[in-house]
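Structure at a glance
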Amino acid sequence: MPSPLPFCELHLHIEGTLEPATIFELAARHGATLRDATPDELAARYDFANLQGFLDLYYENMGVLRTEDDFAHLAEAYFLRAHRAGVAHVELFVDPQAHTARGVPAATVLRGLDRAARAAEERLGITSGIIACVLRDEPVASAQRMLDEVLDAGVPLLGIGLDSAEVGHPPRLFRDVFARAADAGLRRVAHAGEEGPADYIREALDELGAERIDHGVRALDDAALVERLARERIPLTLCPLSNVRLRVVDDVARLPFRTLLEAGLVVTVNSDDPAYFGGYLDDNVAALRNAFALTDDEVRLLARNSVEASFASDARRDELL
Ligand code: ADE
Ligand code: ZN
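This report concerns the structure included in the present document. (Residues numbered from 1 in each chain as written. Chains lettered and ligands numbered in written order. Predicted model: local features only at pLDDT ≥ 70, side-chain atom pairs only at ≥ 80, totals over all residues. Heavy atoms only, no water.)

Here's the deal with the coordination of the zinc ion (ligand 2)
Looking at the zinc ion (ligand 2), one finds its protein donor set to be H11 (NE2), H13 (NE2), H191 (NE2) and D272 (OD), positioned 2.0 to 2.2 Å from the metal centre. Read from N- to C-terminus, the donor residues coordinating the zinc ion (ligand 2) fall into the pattern H-x1-H-x177-H-x80-D. Taken together, the positions of H13 in strand β1 (residues 7–13) and D272 in the loop between β8 (267–269) and α13 (274–277) put the pair 259 residues apart, joining distant regions of the chain. D272 carries the same exposure label as H13, and that label is buried. (Donors = N, O, S within 2.8 Å, 3.2 Å for Na, K, Ca; no water. Helix = DSSP H or I, 4+ residues; strand = E, 2+ residues; numbered from the N terminus. Buried < 20%, exposed > 50% of the residue type's maximum accessible area, 1.4 Å probe, protein only.)

Considerations on the side chain of D272
An unpaired buried charge is present at D272: no salt bridge exists, and R136, the closest side chain of opposite charge, is 11 Å distant. In this structure the side chain of D272 is engaged in a polar contact, spanning 2.8 Å, whose partner is the side chain of H11. In this view, D272 contacts H11, L12, H13, H191, E194, H215, C239, S242 and F277; residues no more than four positions away in its chain are not counted. (Lys, Arg positive; Asp, Glu negative; His and termini not counted. Salt bridge = Lys/Arg side-chain N within 4 Å of Asp/Glu carboxyl O. Polar contact = N/O pair within 3.5 Å; in protein donor to acceptor, adjacent residues only side chain to side chain. Contact = heavy atoms within 4.5 Å.)

Points about the pattern of salt bridges
Counted by the stated rule, this structure contains 24 salt bridges. Put simply, E68 and R115 hold a salt bridge, and the shortest N to O gap is 3.2 Å. With E68 in helix α4 (residues 68–84) and R115 in helix α6 (residues 106–124), this residue pair connects regions lying 47 residues apart in the sequence. A relative accessible area of 25% means that E68 is categorised as partly exposed. Through salt bridges with shared partners, a single ionic network connects E25, R29 and D70.

Some details on the packing of helix α7 (residues 140–151) against helix α8 (residues 175–183)
The N-to-C vectors of α7 and α8 enclose an angle of 15 degrees; their axes lie 9 Å apart at closest approach. When the interaxial angle is binned, α7 and α8 end up roughly parallel. Between α7 and α8 lies a crossing whose hand is right-handed. Residue-level inspection shows V140, A143, Q144, L147 and D148 of α7 in contact with α8, the latter providing D176, V177, R180 and A181. Here the residues of the contact of α7 with α8 are counted per class, giving five nonpolar, one polar and three charged. (Axes fitted to C-alpha atoms, helices over the stretch in contact; angles between N-to-C directions. Parallel < 35°, antiparallel > 145°, perpendicular 65-115°, else oblique. Left-handed = near helix turned anticlockwise from the far one by under 90°. Nonpolar A, V, L, I, M, F, W, Y, C, P; charged D, E, K, R; others polar.)

Some details on the side chain of R81
Tracing the backbone shows R81 in helix α4. What makes R81 buried here is its relative accessible area of 15%. A polar contact is formed between the side chain of R81 and the side chain of D283, at a distance of 3.3 Å. Those residues in contact with R81 that lie beyond four places of it in its chain are Y280, D282 and D283.

With respect to the environment of R115
On the basis of relative accessible area, R115 is assigned to the partly exposed category, the value being 36%. Look past the residues within four positions of R115 in its chain and what remains in contact with it is E68, D69 and A72. Within the structure, R115 has its side chain in polar contact with the side chain of E68 (distance 3.2 Å).

Some words on the nonpolar core
Ranked by internal contacts, the top residues of the largest apolar core, which has 104 residues, are F79 and F257. The dominant element in this core, judged by the number of residues it contributes, is α6, at eight residues. Every residue in contact with F79, bar those within four places of it in the chain, is listed here: V90, L92, A116, A117, A120, L124, I126 and S128. Formed by seven residues, the second largest nonpolar core is a distinct cluster that contains C8, L10, A309 and L320. (Core = buried A, V, L, I, M, F, W, Y, C linked by side-chain atoms within 4.5 Å.)

The following block contains the structure:
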């Protein structure tokens, strides 16, 4: 069924759209050797015990992304698929440190993504912005260098985010990085409460000035926090299929989706790393629809929430609502 309203996708790691077939295509282009003989053999290993199990493979696979053209090609394929899913606006995450550590400059990454984003706006009418994420399991000094590099890349940047292995890497460590990003005019978001505690969500708000929380399902462990998120209309970017594949919950029906909605939270639906978790935005909406018998009005509410939660211009938001 087509989406009744255009959606904004607000939690999408562009490297998480790297499909197995594309990994093989890029490896052949660069003469790189892979561990598996075929894309199917690789995909058969997409059975993750937890977030770290996924991240290990996610970082390994992105080794085939080397040139500006590779990043443009990756993002072009995503925009085409997102268009089919009914996505009208995307705020895409990228992990520059994962590339600079391999000798690929941040400017190469951002230029490729920006090229694809401009083409997507022209050809598909999809608007977008780039959010550079800090790898929270790397040192603060590395995050500071990353911020300098992305600000100097000469490519428009929408925001700064926080991702990678959560537990043991609290948001407060990156307070100064986020403060500097805010001074440079960047919007701020953070993964918190995916595997980590509700306290990390509070820290993301208080120490980083996060305007949206990515995942945030663990907020429900703290009633006062839930009340605050609702009062301040801080959106949560939920990723249902991700939560199942990373074993945050056993199946989509076990997500506290209705509890979060009934608490008055601005809940949005997103695909996180669709090439790894079994589906793009439309598949995530369908999974919620099936698990919770969502009405058309409830799906429309999710679409409206995604527009409200976006950092799109006022004019673009008016267009999408
Ligand atoms: N990087 C890519 N996907 C992620 C996720 N779901 N959580 C944290 N870091 C990530
Ligand atoms: Zn994520």
